[in-house]
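Summary of the model geometry
One-letter residues, chain by chain:
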Amino acid sequence: MEVSSRSSSPEILVAGQQLVKLIHNLCFAIFIVSVLVVTVIAVTYQAPDPWFQSSRAITKSLSDTLPNSTFATDDSLLPTGEDFASSPLSSPTAASASESIYNSSVVFPICDPSSPMNCSNPAVLAAIKRFNSKTFRKSIVFISYDTPVPGPNPDECDDAWRFRNRREKSWRRYRDYRRFRLAPSDNCTFEVVRAGKFRSGIRAARRPPRPRAATASPPFLQIPDPDINDTIPTVESESEFRKGRYLYYTRGGDHCKSMNHYLWSFLCGLGEAKFLNRTFVMDLSVCLAGSYTSTGKDEEGKDFRFYFDFEHLKESAPVVEELDFLRDWKKWDRATSKRQNSGSHISFRKVPTYKVTPRQLRKDKNTIVWRQFDGPEPENYWYRVCEGQAAKYIQRPWQAIWKSKRLMNIVSEIAGKMDWDYDALHVVRGEKAGNKELWPNLDSDTSPDSLVEKVTKLVRPWRNLYIATNEPFHDYFDKLRSHYKVHLLEDYKEMWGNTSEWHNETMALNGGRPVEFDGYMRVAVDTEVLYRAKMQVETFNNLTRDCKDGINTC
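Residues numbered from 1 in each chain as written. Predicted model: local features only at pLDDT ≥ 70, side-chain atom pairs only at ≥ 80, totals over all residues. Heavy atoms only, no water.

**A word on the nonpolar core**
The biggest cluster of nonpolar side chains holds 87 residues, and the ones touching the most others in it are F266, F280, F304 and I414. The leading source of residues in this core is helix 6 (residues 259–276), at ten residues. Sequence-distant contacts of I414, that is, excluding residues within four places in its chain, are made with Y466, L489, Y492, M495, V525 and V529. L465, F477, V537 and L543 belong to the second largest nonpolar core, which has 16 residues in total. (Core = buried A, V, L, I, M, F, W, Y, C linked by side-chain atoms within 4.5 Å. Buried < 20%, exposed > 50% of the residue type's maximum accessible area, 1.4 Å probe, protein only. Helix = DSSP H or I, 4+ residues; strand = E, 2+ residues; numbered from the N terminus. Contact = heavy atoms within 4.5 Å.)

**Some thoughts on the sheet that holds strand 6 (residues 246–249)**
Strand order in this open sheet of five strands is 10-7-6-12-11, and the pairing throughout is parallel. Looking at strand neighbours, the two that pair on one side only are strand 10 (319–321) and strand 11 (348–351), the edges of this open sheet. Adjacent strand axes in the sheet meet at a mean angle of 25° when their direction is disregarded. By the bridge criterion, four bridges tie strand 11 to strand 12 (residues 368–371) in an arrangement that is parallel. By the bridge assignment, F348 is partnered in strand 12 with I368. (Pairing = 2+ DSSP bridges. Axes fitted to C-alpha atoms, helices over the stretch in contact; angles between N-to-C directions.)

**Details of the state of the cysteines**
A covalent bond between the sulfur atoms of two cysteines is referred to as a disulfide. A complete count under the given rule lists four disulfides for this structure. One disulfide bridge connects C119 with C157, the sulfur atoms lying 1.9 Å from each other. When the S-S torsion is -85°, as for the bridge of C119 with C157, the disulfide is left-handed. Pair noted here: C119 is in the loop between helix 3 (92–102) and helix 4 (122–136) and C157 is in strand 3 (residues 156–165), with a separation of 38 residues, a long-range link. For the residue pair C119 and C157, the accessibility class agrees, reading buried in each case. Here C547 pairs with C554 through a disulfide, and the sulfurs are 1.8 Å apart. With the S-S dihedral at roughly -120°, the linkage between C547 and C554 falls on the left-handed side. (Disulfide = S-S within 2.5 Å.)

Shown next, in the form of structure tokens:
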């Protein structure tokens, strides 16, 4: 009996396990069948859509959905079901036809290809966006679009948008407006069949206010840039002035030196002001070195804002303008003298030498720290403050200096006129080509025949080729015109001519006096257009065996 009992126990255990497994499988099968049934019902069931029904059905749907909301008591005009009463969508045929439109990426009304084009139709903007994205996606980033407006012909629309360049590190936005010819396509969409060049869609441009007096129309439209705000910050009151802490540099030996020298010194002062947690007092009047002027002589009175982005500087570092600062200092210090027992004079400390380090001034409590640079050169250079030990803790804020937005607008317009699709050639000649001791091969390596031989091996034929150069004779590059669509800076001189946006805005900064588009501006624009090219051919990397800084410096 004992043996029989032991032998039957495993059989009972196996049978129990099989029964549990069978019940588990049955329950799982029932669950799967239930899921399938619910899925089939969900897929095949279609609730009635009131939007494709009659006006009464639409009204009932809205009132049933929102019985207690402000919808019923709001007196403002709101699109409700009644707005669709006269629509062809109320018919069953139209309803079925409209379902395909509704299910597309953009919802558009029923269209008639023979009817006049409505440029405000969302389908028009969608077509323009598709075209721009396909054409310019590698060069620029589109930020926002305006609603297209009618062009001069029934099948044309003008549209404007803001963008930024992919090769530019800044957040600055630029504006373009173009004319598009469109044709109807499938499903009430449109396709762009032809697009105008940069800023060809003048009807989409934001026009400036009309002047009171009648003036002659300019040969081409220029729209002022509303994004530029380079007004000079001011100190509104004596109490505000006294609460401030200022670092003031008097003019030193850096005046009228090269622009690179100027920036190196200016950023030293700005870096010290940041280290001391003070507002930097800056002179907006720049002396342009003769190497950049048409006369070959140094020229005083150039505005800092001609060359650099003052708005960005103000946002990056606290600054005040020198003339306003000195006027306020004198005015409020004199006012203190006239008031008896009303307070002390505005405190300041003169620092006669750069050898007094920024660290020695860090705990100074005076309102004004006044650095003076009266010694002989190079002792009176601003950048001497940032030498020695100070170089370890004074950081020049290079990110605070951007090129002028007005100059960058010219850069953007030149690149835009080539549809952002161009290669660039940088040809350095000038004094270096004539100096055989330091650059023995440069002149021959950049001769017209040599340029054709070398560039044709690097750049595909008939590309847009922008040439950035200091060569004064522009017919020097005529042989390249047999192989490429050559562009030079001088080809775009209307952009700074006497009817241009740049001319008008710089003249306003200059007290109504015209501003010369000088050598430094030309170099700045040339260089920035070069940087935006798809391929860049450089003189000292691709064209010559000579070193950039002279013989034996590679």
